[in-house]
Amino acid sequence: MLNDTSRRELLKRTGILAMGALTFPNSLRVPRIALAPKDAPTRGDILVCIFLRGAADGLNLVVPHGDKNYYAARSTLALAQPKANNDQTAIDLDGFFGLHPDLRPLKEIFDARQLAIVHAVGSPDPTHSHFDAMDYMERGTPGDKGIPTGWIGRHLQMLASENKSPFRAVGMGNLVQQSLRGPVTATALQSIADFHLQGDARKMQQIQTALASLYEGDGFIETTGQQTLQAMNDLAKITSANYAPANGAKYADSPFGKALLNIAQLIKSGIGVEVACADLGGWDTHVQQGSADGQMARLIEELAKTLAAFHADLRDEMKRITLVAMTEFGRRVQENSNRGTDHGHGSAMFVMGGGIKGGKVYGEWPGLGKDNLYGPGDLAITTDFRDVLGEIVQKRLANSDLAQVFPGYKTFKFKGLANEQTARLEPRYTIELPFNIRIPVPA
Amino acid sequence: MQITRRDFLKDITLAAAVVGLPGWAINLDEAPPATLRASAPAPYPWQWTPPQNLGQGSPTVTALNRIAFGPRPGDFERVQAIGVDTYIEEQLAPATIDDSALEQQLAKKYPTLKMSAVELYQNYPQPAPVSPQERAFRAFRAGEQGIKPQQLPGPQDVIQELQEATILRAIFSRRQLQETLADHWSNHFAMFIGKDAVKWMKTVDDREVIRKHALGKFGDMLLASAQSPAMLAYLDNHLNVKGVPNENYAREIMELHSLGVDGGYTQKDVQELARVLTGWTVKQPRRALLGGMDYTDAGQFIFNANQHDTGAKIVLGVNFSGKDGINEGLKMVDVLAHHPSTAKFVTKRLIMRYIADTPPPDLWNRAAQTFTQTKGDLRATLSVILHSDDFKNSFAQKIKRPFELVASMARATDMQVEEMRPFNATIRAMGQGLFLLLTPDGYPDTGTAWINTGALLARWNLALITAYGRVPQAKVDFKAAMSGANIKTVANAVDFWIERILHRAIPDKDRQKLIAALGANANANFDIARLPDLVALILASPHFQYR
């Protein structure tokens, strides 16, 4: 038996962490061990990671209404300066920035200081490719594809947690998000209620037993099969048929809304969620982006409604939850001739939670004047996204080894947007290494 | 083609059962939206962990699982007899394979496949917007009169026919390489069929770009794609005009269609290529002066010289004075098609489709050389790839994606499928909806991207539904399949079905597990009531997940 620290030391010494996961033994993947008890302590916050896919326009999400260049560049798309009782204008936050009117449900959370915004944030890599930018961001290594794991995957790998639940890391959707990749296998989940074999219950028990024997083994497909069977057993224990969100929370009636509702349900059930990822796509607004109404406004409404519902639903649990929403890059400052915007650089990030110093827009504003722009005319970046995520990892997820989570990044500049986790819980259990693992210790 | 509400509910029920859609999706009167991720992840970077011992493969099994969508009963024996290399040669010349029965069926079921762009627009016009009140009233009237709500032909029919035809061809065409290639190139030149004019024009693209050039010259395919009305609409180049260029297509033709993301171009090249391609657009349907629509030449590629940027440009080191009009773009498509990075990128993706997630370096080099020497001849390039030892020895290197899984299950069980709608919904629900990926990067083709907990559950449920004969409007007859064989014991039945579905012996421990799953010892009498369980377990086992 080893405690957390010594296991990590051991892994480090043997080079497993340093080499990414290229050589990790299969048996390091979540083994088949019983679900953690309901009251098992979590070391840090539960992390909920939202990716706005397609490059969300930070300038119209969080409007720099105090910058006259914004209005010069966006003759048809700009949100008007805040006016009281007008739902077509920006909602003022601090005299310079304002929320898109459809983000109104988040204003209350911002005012309650549980929502922080970072502006002019992003990845320093100059790519304007969605796929490259997402890839770099989810790996947490801009400009470098050498390390195959994702930043959350590495974080989980290092914690060597006592938590053996297959729901330790959950990716909502058909495919697991790249940020979750690592030796701790994440569970891909579309819907809680129907995660079982379809057929006569007694017969399905026989089939399930047979599948368990056919999927014995150490290969990728077999270990995933074992995890699937484990997850089926665990989910059967949650009564999920008629889940009613608390506090009148109403999620958007969409796959994204349902994903967050399912995450809330999993968190409340105490099934062992540490990290959950969900995606909201459709932000690539090259054409007819719209302003207070239109294509992007509908997405913003879906986002705001769902995040506000999540916050209300988990009101009593927010003290141990941190939610972060990010996008791969922002959009060109100057609108194009199709009333849309092309690929840009800097955008905005949202951080929500009980341990967040909210009610503030963080980050230096680089300005939108000709000389302030980046590359082909984009919002410059004054905050590296790793500064935000690094602060969350260290202060809220209780993992201070940022060099492993964001390898190659040495100059972290925290914004001071998170409180230090005070109730640091000592793990109740120590990790048991699977009996068949042999870690060579160099002489 | 009319879809009755009953049919529709059956489709959705199957899809819902397979992936576990929530109950509310079943009770709606309209199709659920394509619940696709905005972006599929990049291929999982580390190596596939080898499976448990799967037993011996054979080049014949591998050839049928890769070149074809899996073997149908009789295929294995035939290819064993003529030899794998002869089979490959036959499949490389699809025109020599008689597929007339299928062609007739396609023409009858899916008339849109052969329609021109104008005919598609004319016969399936965009329906006029209907207010919610009007819609409610119509539904009420329809209910009162006990009739189906009237459904006018519209673009949804064009989409539906193309998707269903693709599945029908995958299951029943004898030109199987042509079909797996069509799938490959549709994914290489991926587009979301729900966007704007793509709804109609993808059918033209499928016929005139993908299928026409699947075994032709890559440069011809690239140019056809660049001038395809569907691609012009999907990646916004129809809006790319001088002064305010739209970079979307210029970027993707280099990143995704030819050079690859590391192919050696810069952001500056993207901007310059966008300028080169200004004015490449498409004739749109427009309102006629006297009301109605004017479809003359709609969907035709045109070069609009007035919107072409006539300034000087440099792309990838090629200089343009700006006075050459459309020739600048033609030149650049040619440069891209024959660029060394393109040879590497295109062959890499072909090898990943047909051999392994990680291309064997020697073969990759040879394939890229052939591609270069033959000026992008795809038949010659594929010939090198498929006749290689790497191909023959690549048993269990690839995982079936949902489309391949569904088609191979229907083929292996000799399923008589009358309607493709249930399978179309299933493939979509499993995350690989045909022409439904929102982003242009195409679905990943690595095992790690498609095997996760949710996906495995869906695969097992599909196996159960198939084996229990519960796919709507489809029939399986397992008893008939066994009728000639002398099957008495559990061991007889297990061995018969392993051979019939997998065409190879599996390790004895797995055989014993199947026997045990039937709750019996090997010599007990086989209980015919357990037949669906046996078939389901073989289809759900790790063995059937490999292609």
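Heads up: the structure comes first, above all this text.
No experiment lies behind these values; they were computed from the predicted model shown. (Residues numbered from 1 in each chain as written. Chains lettered and ligands numbered in written order. Predicted model: local features only at pLDDT ≥ 70, side-chain atom pairs only at ≥ 80, totals over all residues.)

Engineer: How do you make sense of the overall build of chain A when you look at a structure like this?
Structural biologist: From N to C terminus, chain A includes 12 helices and 12 strands. Expressed as a percentage of its 443 residues, the buried residues of chain A come to 55%. Here the contacts in chain A between residues at least 6 apart in sequence split such that 74% fall between residues at least 24 apart. (Helix = DSSP H or I, 4+ residues; strand = E, 2+ residues; numbered from the N terminus. Buried ≥ 20, exposed ≤ 12 C-beta atoms within 10 Å, placed from the backbone. Contact = placed C-beta atoms within 7 Å.)

Engineer: I keep staring at the sheet that holds strand 3 (residues 91-92) of chain A and nothing clicks. Help me out?
Structural biologist: The strands making up a sheet associate through hydrogen bonds between their backbones, and the pairing can be parallel or antiparallel. All names here are of chain A. Ordered in space as 2-4-3, the three strands form an open sheet in which the pairing is antiparallel. Bordering the open sheet on either side are strand 2 (62-63) and strand 3, each of which pairs with just one other strand. Note: strand 3 against strand 4 (residues 98-99), two bridges, orientation antiparallel. Its bridge partner being in strand 4, Asp-92 is matched across the sheet by Gly-98. (Pairing = 2+ DSSP bridges.)

Engineer: I tried to follow the nonpolar core on my own but got confused; where do I start?
Structural biologist: Side chains of nonpolar character tend, in soluble globular proteins, to be buried together. Among the nonpolar cores identified, the biggest contains 275 residues, and Ile263(A) and Met349(A) are the most heavily contacted of them. In contact with Met349(A), other than residues within four places in its own chain, are Val118(A), Val121(A), Val324(A), Ala325(A), Met326(A), Phe385(A) and Val388(A). (Core = buried A, V, L, I, M, F, W, Y, C linked by C-beta atoms within 7 Å.)

Engineer: For this particular structure, what's the right way to read the packing of helix 17 (residues 361-373) of chain B against helix 18 (residues 378-386) of chain B?
Structural biologist: Between two packed helices, both the angle of their axes relative to each other and the distance between the axes serve to describe the pair. Residues and elements named next belong to chain B. For the pair helix 17 and helix 18, the least separation of the axes is 8 Å and the interaxial angle reads 160°. Classed by the angle they form, the pair helix 17 and helix 18 counts as roughly antiparallel. Once helix 17 is placed against helix 18, the crossing between them reads as right-handed. Side by side, helix 17 and helix 18 meet where Leu-363, Arg-366, Ala-367, Thr-370 and Phe-371 of the first sit next to Ala-380, Thr-381, Val-384 and Ile-385 of the second. Taken together, the residues of the contact of helix 17 with helix 18 break down into six nonpolar, two polar and one charged. (Axes fitted to C-alpha atoms, helices over the stretch in contact; angles between N-to-C directions. Parallel < 35°, antiparallel > 145°, perpendicular 65-115°, else oblique. Left-handed = near helix turned anticlockwise from the far one by under 90°. Nonpolar A, V, L, I, M, F, W, Y, C, P; charged D, E, K, R; others polar.)

Engineer: I'm lost on helix 13 (residues 248-257) of chain B in this one. Help?
Structural biologist: In an α-helix, one turn spans 3.6 residues; hence positions three or four apart end up facing the same way. Of all 10 residues that make up helix 13 of chain B, 10 are buried, and the element is covered over most of its length. Taken together, the buried residues of helix 13 of chain B touch helix 9 (176-188), helix 11 (218-226), helix 14 (267-276) and helix 15 (326-337) of chain B.

Engineer: Sorry if this is basic, but what is going on with the environment of Pro142(A) here?
Structural biologist: All names here are of chain A. In this structure, Pro-142 sits in the loop between helix 5 (130-139) and helix 6 (151-159). Judged by the 22 C-beta atoms lying within 10 Å of it, Pro-142 is buried. C-alpha separation for the pair Pro-142 and Asp-125, spaced 17 residues apart in sequence, amounts to 5.6 Å. For Pro-142, the residues in contact, after removing those within four places along its chain, are Ser-123, Pro-124, Asp-125 and Tyr-136.

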